[in-house]
Amino acid sequence: MRKLHRFLGVTISVFIILHLINHILSVFSVEMHIQTMNTLRKIYRNPLVESVLILGILSQIFSGIKMIMLSKATKPSFFELTQKWSGIYMVFFFCVHLSAIFVGRYIFQIDTNFYFGVAGLNSFPQNLFFIPYYGLAIISFFAHVASVHHIKMKHHLFGLATALQSKLILSVGIIVSFLILYGSTNGFKGFKVPSEYNFKNLLK
Ligand code: HEM
């Protein structure tokens, strides 16, 4: 189970890294983000690729929960605790994020593009939920990678101790999270989201 979790983790991370780079592009312009997403969709919206991605995430959720339940660690280290809690947050995030995207696509039948993703970040009071919700998701992804890196890697790399390497990975996560929130909110000034993405109109 541990091996499967590790293998799927690496596979899913390829998508997540591309997805996050795509979101960072919104710092430069929304058009750049949308154009890149259209290109990436050709790959991840391919029914085979998308099924592997979604099934991979579901089995990642089950194997992760199972490993936490089976864990007998009595005195977990800082990185073991970080790995556990970032994993638990990602379980919550994936359930909500993927449900939202599939409800948007199949029930509301709208294009789940940039504006769908950032609508909640650009309206008050919804942003009080969406800022920590997305921010913590990005940081949790990097925190999970940083913990695994620290637990597995025993060697110095470029003269850096593993704890420092892991802290660097975590710092990159905090910077990425800031950049994506910045780009998703028009530099914190707020975007005018097209009215069809407005919560009230979606629920009509
Ligand atoms: C501010 C941060 C984020 C925003 C605004 C966002 C927004 C979106 C949007 C709009 C889609 C639909 C894409 C499409 O229709 O082609 C999507 C899909 C997805 N996102 Fe995110 N996302 C964010 C962060 C994340 C993070 C941190 C993860 C993982 C840890 C993640 C995982 C996924 C996955 C797995 C999909 C499904 C892809 C598919 O099969 O269609 N997202 N996201």
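Residues numbered from 1 in each chain as written. Predicted model: local features only at pLDDT ≥ 70, side-chain atom pairs only at ≥ 80, totals over all residues.

Asker: Can you help me understand the overall build of the protein chain in this one?
Answerer: Helix and strand counts for the protein chain stand at 8 helices and 0 strands. Each helix and strand of the protein chain, ordered N terminal to C terminal, gives the series α-α-α-α-α-α-α-α. Radius of gyration (C-alpha) of the protein chain: 18 Å, near the 17 Å computed for a compact globule of 204 residues. Along the first, second and third principal axes, the C-alpha set of the protein chain runs to 50 × 35 × 30 Å. (Helix = DSSP H or I, 4+ residues; strand = E, 2+ residues; numbered from the N terminus. Rg over C-alpha atoms; globule rule 2.2 N^0.38 Å.)

Asker: Explanation requested: helix 1 (residues 2-24) in the structure shown.
Answerer: Think of an α-helix as 3.6 residues a turn; residues three or four steps apart then line up on the same face. Counted at 1.5 Å a residue, the expected span for helix 1 with its 23 residues is 33 Å, and the 31 Å between its end C-alpha atoms agrees. Turning to helix 1, the residues buried within the fold contact helix 2 (30-44), helix 3 (47-70) and helix 7 (162-184). (Expected span 1.5 Å × (residues − 1). Contact = placed C-beta atoms within 7 Å.)

Asker: Even after reading the chapter, I still don't get the site of the ligand, so can you show me in this structure?
Answerer: Lining the immediate environment of the ligand, one finds 23 residues, of which Glu50, Thr112, Gly117, Tyr134 and Ala137 sit closest. Broken down by secondary-structure element, the contributors of at least two residues to the shell around the ligand are helix 1, helix 2, helix 3, helix 4 (78-107), helix 5 (114-118), helix 6 (126-152) and helix 7. (Near = placed C-beta within 6 Å.)

Asker: Whenever I open this one, the packing of helix 1 against helix 7 confuses me. Can you help?
Answerer: A packed helix pair is summarised by two numbers, namely the angle formed by the two axes and the spacing between the axes. The contact between helix 1 and helix 7 brings their axes to 8 Å, and the two run at 50°. Compared by their axis directions, helix 1 and helix 7 come out oblique. For the pair helix 1 and helix 7, contact is made by Leu20, His23 and Ile24 and by Val176, Leu179, Ile180, Gly183 and Ser184, respectively. (Axes fitted to C-alpha atoms, helices over the stretch in contact; angles between N-to-C directions. Parallel < 35°, antiparallel > 145°, perpendicular 65-115°, else oblique.)

Asker: Can you help me understand unusual backbone geometry in this one?
Answerer: Glycine aside, residues mostly have negative phi angles, and peptide bonds mostly take the trans form. Residue Pro125 follows Phe124 across a cis peptide bond; omega there is 10°. Tracing the backbone shows Pro125 in the loop between helix 5 and helix 6. Not every positive phi belongs to a glycine, and Gln109 is a case in point at roughly 50°. With 7 C-beta atoms packed within 10 Å, Gln109 lands in the exposed category. Non-glycine residue Phe188 carries a positive phi angle of around 65°. As for its placement among the helices and strands, Phe188 is situated in the loop between helix 7 and helix 8 (199-203). (Buried ≥ 20, exposed ≤ 12 C-beta atoms within 10 Å, placed from the backbone.)

Asker: Got a minute to help me understand helix 4 in this structure?
Answerer: Between the first and last C-alpha of helix 4 there are 42 Å, a value that for 30 residues agrees with the 44 Å anticipated at 1.5 Å per step. Residues of helix 4 that are buried include every one of Thr82, Gln83, Ser86, Gly87 and Met90, and no others. Where helix 4 is buried, its residues contact helix 3 and helix 6.

Asker: Can you help me understand the environment of His97 in this one?
Answerer: Relative to the helices and strands, His97 is located in helix 4. By C-beta crowding, His97 is classed as partly exposed, having 16 other C-beta atoms within 10 Å. Note: C-alpha distance between His97 and Lys42 (55 residues apart in sequence) is 20 Å.

Asker: Is there a simple way to explain the nonpolar core in this structure?
Answerer: Grouped burial of nonpolar side chains is what soluble globular proteins tend to show. In this structure, Tyr134, Ile138, Phe141 and Phe142 are the most contacted members of the largest nonpolar core, which totals 21 residues. The set of elements that each furnish at least two residues to this core consists of helix 5, helix 6 and helix 7. When residues in this core are grouped by element, the largest group, 11 residues, is from helix 6. Beyond its immediate sequence surroundings of up to four residues, Phe142 is in contact with Ile169, Leu170, Val172 and Gly173. (Core = buried A, V, L, I, M, F, W, Y, C linked by C-beta atoms within 7 Å.)

Asker: What exactly am I supposed to notice about the confidence of the model for the protein chain here?
Answerer: Note that predicted coordinates carrying low pLDDT should not be read in detail. Per-residue confidence for the protein chain averages 94 on the pLDDT scale, and 97% of its residues sit at or above 70. Of all secondary-structure elements in the protein chain, the lowest mean pLDDT belongs to helix 8, at 76, while helix 2 reaches the highest, 98. (pLDDT = per-residue confidence, 0-100.)

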